[in-house]
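Close look at the chain arrangement
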Amino acid sequence: MIFNSFIFFIFLGIVLPIFYLLPNKTSKNSFLLIVSYIFYGYWDWRFCLLLTATTLIDYFVGKALYNATDLKKRKLLMTISVVINLAILGFFKYFNFFVESFQDLSALFGVTVDYLHLNIILPVGLSFYIFHNISYIMDIYRNKIEPTDNLIDFGLFVVFFPQLVAGPIGRASVLLPQLKKKLQPT
C-alpha cells in the first residue's frame, strides 16, 4: 500500500476513527499492531511471516542480552542478532546478484548453471525494519535502553505502519516510551 494511493486514504479513514474510539493503551497498541500488519501484508501477506520472525527473534534476544552479565555472552547474543538480521537482508537483496555473477563467471569457462537462480522478491521495507531491529539490539548492548517487556509494544515499534516501509529508522529510546503512555496524538 502506497501512502499516496486511494486505498491508503480508505485505510486511514477506517483506522483513525477506530483508534480514537478504543478505550485504553493496550487496545490502541494492539489495534495499531494489527493494522500495521494489514498495511504491510496488503502488498504480499507472506512477508508478514518474515517480519514476525525477525520481530520475535530480536524481542527474545534483546531480553536475553539485557539479562546477560558475562561480556562474552553479551557479545555472542548481539552478534547472533546482527548476523541473523544481515543474513536475511543479504539473502533477499543479494542472492540473485551473486548467483547471476557466478553464472556469468562459469559461462566464461563453458559451464552452464541455470538451476541456481531463484526468483526472489525483495520484501518492501526490509532494510528499514532490519536496521530498526539492529538499532534496538545495539542500544541494549550499549546499555542505552532496557528492553521492553511487552511483546505488543515491541512488535508495534518494529511494524508501525507510518514508518515501516519508508523510514526513518526510529530509535527505541524515542518510540517505546511513547507506546507505554496512553496514546492521545494531536
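The structure this text deals with has already been given above.
Residues numbered from 1 in each chain as written. Predicted model: local features only at pLDDT ≥ 70, side-chain atom pairs only at ≥ 80, totals over all residues. Heavy atoms only, no water.

1. Section: the environment of Asn143
- Looking at the element boundaries, Asn143 is found in the loop between α5 (126-141) and α6 (151-159).
- We classify Asn143 as exposed; its relative accessible area is 56%.
- Once the C-alpha coordinates of Asn143 and Tyr66 are considered, the two residues, 77 residues apart in sequence, prove to be 8.0 Å apart.
- A polar contact of 3.5 Å, which involves the side chain of Asn143, links it to the side chain of Arg74. (Helix = DSSP H or I, 4+ residues; strand = E, 2+ residues; numbered from the N terminus. Buried < 20%, exposed > 50% of the residue type's maximum accessible area, 1.4 Å probe, protein only. Polar contact = N/O pair within 3.5 Å; in protein donor to acceptor, adjacent residues only side chain to side chain.)

2. Description of the packing of helix α2 (residues 25-41) against helix α3 (residues 47-67)
- Running from N to C, α2 and α3 point in directions that differ by 135 degrees, and their axes come no closer than 9 Å. Taken together, α2 and α3 sit at an angle that is classed as oblique. Seen along the crossing, α2 lies across α3 with a hand that is right-handed. On α3, the residues touching Tyr37, Tyr40 and Gly41 of α2 are Phe47, Cys48, Leu51, Thr52 and Thr55.
- Residues that form the contact of α2 with α3 fall into these classes: five nonpolar, three polar and no charged. (Axes fitted to C-alpha atoms, helices over the stretch in contact; angles between N-to-C directions. Parallel < 35°, antiparallel > 145°, perpendicular 65-115°, else oblique. Left-handed = near helix turned anticlockwise from the far one by under 90°. Contact = heavy atoms within 4.5 Å. Nonpolar A, V, L, I, M, F, W, Y, C, P; charged D, E, K, R; others polar.)

3. Thoughts on a nonpolar patch on the surface
- Taken together, the side chains of Phe6, Ile7, Ile10, Ile14, Ile18 and Tyr42 define a hydrophobic patch exposed on the protein surface, amounting to about 580 Å² of accessible area.
- Mapped onto the elements, Ile7 comes out in helix α1 (residues 6-21).
- Note on Ile7: relative accessible area 30%, which makes it partly exposed. (Patch = residues over 30% accessible without salt bridge, like charges linked within 9 Å, V, L, I, M, F, W, Y side chains within 5 Å. Areas by Shrake-Rupley, 256 points an atom, 1.4 Å probe, with all protein chains shown as cover. Salt bridge = Lys/Arg side-chain N within 4 Å of Asp/Glu carboxyl O.)

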